[in-house]
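What follows is the residue order along each chain.
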Amino acid sequence: MQNNISIIIERICGAVPEDRVLRNEPMSRHTSFRIGGPAAAFVIVNNEEELEEVLAVVTGSGTEHMIIGNGSNLLVSDAGYPGILIKLGGAFDSIVRDENNPCRVKVGAAMLMSRTSAFLTENGLSGFEFASGIPGSIGGAVFMNAGAYGGEIKDVVTTVRVMDPDGTNLRTVSGEDMQFSYRHSIAEDEGILILSAEMELKEDAPEAIAARVAELQYKRNSKQPVNYPSAGSTFKRPAGGYAAALIEQSGLKGYTVGGAQVSEKHSGFVINIGNATCEDVLAVMRHVRETVFSDSGITLEPEVRLINCSL
Ligand SMILES: Cc1cc2nc3c(=O)[nH]c(=O)nc-3n(C[C@H](O)[C@H](O)[C@H](O)COP(=O)(O)OP(=O)(O)OC[C@H]3O[C@@H](n4cnc5c(N)ncnc54)[C@H](O)[C@@H]3O)c2cc1C
């Protein structure tokens, strides 16, 4: 297997310059949790042609692979990832305003939400304020249908440019066809890759937009443990309740295993208080799930994506 993967990595180096193919790259460097062992290779892909070629190599050889965004919703195993992790950069890290419709922008999947928000604010385009503090990329946000403060990515996305998991069938799909629902899109079911998204906003004064962004940032900073590494809300909101409230009612605020802790500031977050391992986080998550279930009968489902590990 190791030989096999070495050959695949050599072939990837034929599609992408070698300095963008990082071997045995610790995933703790690429996740907001600061947790995760090495990926066999971490490949930065800068345009559609490179992506097609890399996907042809990995799917043609049956090599395990996955695309990641800004790593802000990931818990990666301490053992790492045995295959190829792909991250978009270069041409995917872009935003342009539509020449024919000034309320529309096309945003590359690698663009961070914060930078997208800054561009839209400067250009007097409103509707994205809710997302300004979410620390992910546009690709990850579309995949997850990320949301906050009453808004969701589906409210602003009109179309999404995608390709199939094997790098073929480049096409544009409508927001409706993305089948967005709570923290979910069709990308999860079908494994399609998100390359860019077109968004429709409304014109407003930059100062008014900036004021709303600042207000939401203030709320976020005062309620969330933003000074500790985490992956945001650990569990999804269950039907008829809030994960944080259930966790708090079960007396689990501050529950700690090793370096992982249920945040004292916001019990919906498991935080890394220092050198947490993936196993520490999983142990906290298991205990939270079991305790909340035995207290309330509600099963919490993880919102954080578990990579090469399970609850
Ligand atoms: C402090 C903090 C606060 C947070 N607050 C919020 C919040 O308010 N609301 C919210 O919704 N989330 C929140 N999150 C979680 C996270 O930021 C979001 O889920 C975000 O959308 C993930 O984007 P990402 O680029 O980091 O994706 P990643 O974490 O890298 O990946 C997430 C999933 O998306 C897939 N993916 C990524 N890019 C692509 C692509 N181009 N094509 C196909 N699939 C792709 C990956 O395979 C993976 O399955 C928070 C996280 C942190 C750390």
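Here's what I pulled together on the structure shown here.

Cut-offs and rules
- Residues numbered from 1 in each chain as written.
- Predicted model: local features only at pLDDT ≥ 70, side-chain atom pairs only at ≥ 80, totals over all residues.
- Heavy atoms only, no water.
- Near = heavy atom within 4 Å.
- Polar contact = N/O pair within 3.5 Å; in protein donor to acceptor, adjacent residues only side chain to side chain.
- Areas by Shrake-Rupley, 256 points an atom, 1.4 Å probe, with all protein chains shown as cover.
- Helix = DSSP H or I, 4+ residues; strand = E, 2+ residues; numbered from the N terminus.
- Nonpolar A, V, L, I, M, F, W, Y, C, P; charged D, E, K, R; others polar.
- Salt bridge = Lys/Arg side-chain N within 4 Å of Asp/Glu carboxyl O.
- Buried < 20%, exposed > 50% of the residue type's maximum accessible area, 1.4 Å probe, protein only.
- Core = buried A, V, L, I, M, F, W, Y, C linked by side-chain atoms within 4.5 Å.
- Domains from an automatic or database assignment.
- Contact = heavy atoms within 4.5 Å.
- Expected span 1.5 Å × (residues − 1).
- Arc of directions from axis to C-beta.

1. Re the site of the ligand
Here's step 1: The ligand sits among 34 residues. The nearest are I67, G69, S72, S137 and G147.
Here's step 2: In the environment of the ligand, an oxygen atom lies 3.4 Å from a nitrogen or oxygen atom belonging to the side chain of R183.
Here's step 3: With the chains in place, 94% of the 970 Å² that the ligand exposes on its own is no longer accessible.
Here's step 4: Considering every element that reaches the shell around the ligand, the biggest residue donor is helix α4 (residues 138-144), with 5 residues.
Here's step 5: Among the residues forming the shell around the ligand, the class breakdown is 17 nonpolar, 14 polar and 3 charged.

2. A word on the pattern of salt bridges
Here's step 1: Within this structure, the stated rule accounts for 19 salt bridges.
Here's step 2: With a closest N to O distance of 3.3 Å, E25 and R29 form a salt bridge.
Here's step 3: Judged by its relative accessible area of 8%, E25 falls in the buried class.
Here's step 4: The residue R212 makes a salt bridge to D204 at a minimum N-O spacing of 2.8 Å.
Here's step 5: One connected set of salt bridges, linked through shared partners, spans E10, E18 and R23.

3. A closer look at the nonpolar core
Here's step 1: With 58 residues, the main nonpolar core has I12, V45, L51, I84, F128, V142 and M199 as its most contacted residues.
Here's step 2: When residues of this core are assigned to domains, at least three fall in each of domain 1 (2-91) and domain 2 (93-221).
Here's step 3: If sequence neighbours within four positions are ignored, I12 has contacts with V21, V43, V54, V57, V58 and I84.
Here's step 4: Counting 23 residues, the second largest nonpolar core, distinct from the first, contains A231, L282, V288 and V292.

4. Structural notes on helix α6 (residues 206-223)
At 3.6 residues per turn, the α-helix brings residues three or four places apart onto the same side.
Here's step 1: Counted at 1.5 Å a residue, the expected span for α6 with its 18 residues is 26 Å, and the 26 Å between its end C-alpha atoms agrees.
Here's step 2: Burial in α6 covers these residues: I209, V213, L216 and R220. Axial view of α6: buried residues confined to an arc of 65°, hence all on one face. Exposed positions of α6 whose direction lies more than 90 degrees from the buried face are E207 and Y218.

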